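# Examining the three-dimensional arrangement
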Amino acid sequence: MGQLDSDSEAEDVAGSSDMPRTYRESISIERPTFENKVLEAVGQFGPYQRWIFAILTLVDMPAGMSMLYFIFANANPGTRCRLYQDNVTYDNNFTIGGDIACEVNGSKCIEYEYSDEYTSIITEWDLVCDYNFIPKLTISIQFVGLIIGAGVSAQIADLYGRKKVIVTVCCMMILAQTLVGCSSSWVVYAVMRFFVGLFAGGALSLSFVMPMEFVGPKWRAFCGLLGSYSVGHALMCLVAYLTRDWRHLSFITGSLFAPLLLAIIFFVPESPRWLIQKGRFDEAEAIIRKIAKFNRRDPPDMSVLKSICVLDEEEREAASKLTYLDLFKTKELAIRSFVVMFITFSCSEMYYGIIVAISTYTGSVFLNALISALTVLPVNWVSIPITEWLGRKKMFLVSICIGTGCMFLIIILNATGHVDNHPKIVTGLALFGKAAMTSTWSVVGICMIETYPTLMRTLVSGASSVSGRVGGMIAPQFAYLGVVSHWIIPYIIHGCLALASLILELIFLPETNDLPLPEYNPRKRRMTIYEEETAMRQMVDRKKSEL
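Residues numbered from 1 in each chain as written. Predicted model: local features only at pLDDT ≥ 70, side-chain atom pairs only at ≥ 80, totals over all residues. Heavy atoms only, no water.

Right, let's talk about the packing of aromatic side chains for a bit. One pass over the structure, following the stated rule, counts 14 aromatic pairs. Ring geometry for Trp51 and Phe267: centres 5.9 Å apart, planes at 80°, overall edge-to-face. With Trp51 in helix α4 (residues 47-57) and Phe267 in helix α14 (residues 258-267), this pair connects stretches of sequence that are 216 residues apart. Owing to a relative accessible area of 47%, Phe267 belongs among the partly exposed residues under this scheme. (Phe/Tyr/Trp six-rings, centres within 6.5 Å; stacked < 30°, edge-to-face > 60°. Helix = DSSP H or I, 4+ residues; strand = E, 2+ residues; numbered from the N terminus. Buried < 20%, exposed > 50% of the residue type's maximum accessible area, 1.4 Å probe, protein only.)

This is the structure:
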């Protein structure tokens with residue numbers, strides 16, 4: 001770790017204008033921000049913000065149902081060959097996952113028969129044997145849409161406003177999901193799944209960002225992790241069980257949340273933070289006064305809005321000079337950025353890879369999917385308090401060790417020949433490992449926020465988001481390897497990625513619990529992120545000793 005050029009550099013870094021509140025309190029430096037001048041006055045998480053959060057977080061439910069719809073729509077209820085080319089029928093049982101006797105004695109199957117437990121795109125268009133890659137392909141196409149949608153919607157929302165964009169993407173997501181059930185071929189189905197991913201990506205992104213602009217810093221972790229994505233997953237299992245038809249499931253999941261769209265239109269205002277940044281002070285003031293009145297607080301001094309806008313503009317100008325290449329400017333930053341992106345990729349690949357494989361597990365696909373949802377549902381809710389107690393690094397190690405261990409236990413069961421005797425144990429290990437990796441995903445998100453300077457957090461968040469969605473896009477193809485080769489292959493990949501993430505975290509990511517947030521001073525680019533962290537810690541310790 002390098003040394004600072006001078007003590008004045010430490011002063012410059014520690015006293016930078018974009019310093020977080022914890023530093024400003026320590027060294028008595030205060031600048032007007034939306035948090036300390038507006039949210040402190042109207043309430044960081046008052047009744048009005050709770051109402052907005054409740055509406056916006058519910059967006060995760062239809063988005064989750066739309067995204068995970070493939071669990072049932074792409075599932076195989078059980079297939080067997082009814083007739084072969086030689087006009088001979090063979091006595092064979094229903095098999096799950098399309099792994100049927102496609103050819104017997106040189107005679108190919110020409111007619112298929114499916115279990116009547118439920119319908120899917122496989123039963124609709126005979127997507128087995130030579131076409132069994134298509135269901136996995138449509139999932140990857142959906143994730144391509146998700147990647148594009150998340151990036152494009154964020155840019156449009158910065159230009160035209162949060163509310164207009166979230167209303168638009170939610171409306172289009174509901175419409176696209178409904179129209180999926182009208183698909184006339186698997187090609188049309190794949191195109192519609194692309195659009196579902198496109199608009200769901202925007203909805204998920206904005207439903208996370210928008211509440212954060214209404215609440216104070218103390219409540220951001222709570223609001224960020226208390227999502228309803230897994231609730232939508234569980235609800236979809238119930239709807240799928242009751243309908244048992246992929247077209248009906250599409251119509252219901254698409255139209256079920258139309259009232260939520262009306263609630264956003266009539267009850268959720270535009271982000272006052274965005275309005276201030278755009279210089280629309282009268283509109284921002286009206287919303288802030290409304291929040292204060294609803295929360296039974298006195299409105300803040302509105303004269304500070306313009307000064308906040310000026311300072312925010314200075315931050316944006318500094319941030320605009322940074323690019324994704326700045327994440328790899330130095331050796332230390334490059335290693336840290338790679339590790340964060342790799343771990344996010346691994347968590348996403350394992351999460352969605354196991355979800356894709358649910359349709360091939362033994363037992364009821366409805367029960368397996370429900371258990372999968374219920375094991376994940378409480379994970380994010382309990383991760384934060386446990387993480388605060390154990391620390392980031394220890395919680396990360398616990399969760400990723402569990403996930404890695406579950407994958408390698410499945411591999412060992414297969415190697416020792418005990419899989420056939422204990423199929424439920426394999427299913428349980430897979431779902432438990434998926435839940436553990438969900439916790440890992442949450443913790444690495446916190447570490448990402450706490451290990452990058454303010455002006456670089458947006459960049460690393462975007463890079464991490466893309467890497468995670470790439471993991472989700474590749475996961476179905478890894479699952480397909482298990483169909484065409486051996487079912488254990490995806491679990492070997494999951495286990496190796498999880499083990500590599502564990503090693504990388506142990507070596508390269510620091511413990512950040514109870515430590516100050518690093519800041520980036522654009523004028524001191526030659527200083528590494530580690531030098532900046534050290535400078536700020538030294539400065540805070542010195543100022544505390546002087547008080």
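Another aspect to go through is the packing of helix α12 (residues 229-243) against helix α19 (residues 365-376). Viewed as axis vectors pointing N to C, α12 and α19 meet at an angle of 160°, and their least axial separation amounts to 8 Å. As summarised for this structure, α12 and α19 are arranged roughly antiparallel, according to the angle between their axes. When the axes of α12 and α19 are compared, the crossing they make is left-handed. Only Phe366, Ala369, Leu370, Ser372, Ala373, Leu374 and Val376 of α19 make contact with α12, whose side of the interface consists of Ser230, His233, Ala234, Cys237, Ala240 and Tyr241. (Axes fitted to C-alpha atoms, helices over the stretch in contact; angles between N-to-C directions. Parallel < 35°, antiparallel > 145°, perpendicular 65-115°, else oblique. Left-handed = near helix turned anticlockwise from the far one by under 90°. Contact = heavy atoms within 4.5 Å.)

Another aspect to go through is the packing of helix α9 (residues 162-180) against helix α13 (residues 246-255). The interhelical angle for the contact between α9 and α13, taken along N-to-C directions, is 165°, at an axis separation of 7 Å. Looking at the two axes, α9 sits roughly antiparallel to α13. Considering only the axes of α9 and α13, their crossing is left-handed. Counted together, Ile174, Gln177, Thr178 and Val180 of α9 and Trp246, Ser250, Phe251, Thr253, Gly254 and Ser255 of α13 form the full contact between these two elements. Grouping the constituent residues of the contact of α9 with α13 by class yields four nonpolar, six polar and no charged. (Nonpolar A, V, L, I, M, F, W, Y, C, P; charged D, E, K, R; others polar.)

Here the structure, examined in full by the defined rule, presents one disulfide. In this model, Cys81 is linked to Cys109 through a disulfide, with the two sulfur atoms separated by 2.1 Å. Here the disulfide of Cys81 and Cys109 is right-handed, its torsion about the S-S bond being about 105°. Of this pair, Cys81 sits in strand β1 (residues 79-84) while Cys109 sits in strand β3 (residues 107-114), and the two are 28 residues apart along the sequence. (Disulfide = S-S within 2.5 Å.)

Below, the discussion takes up the confidence of the model for the chain. In this model, the chain carries an average pLDDT of 77, and 75% of its residues clear a pLDDT of 70 or more. In the predicted structure, residues 1-30 sits below a pLDDT of 50 and forms 62 contacts with residues beyond four places in sequence or in another chain. Per-residue pLDDT stays below 50 along residues 519-530; that stretch engages in 47 contacts with residues further than four places along the chain or on separate chains. (pLDDT = per-residue confidence, 0-100.)

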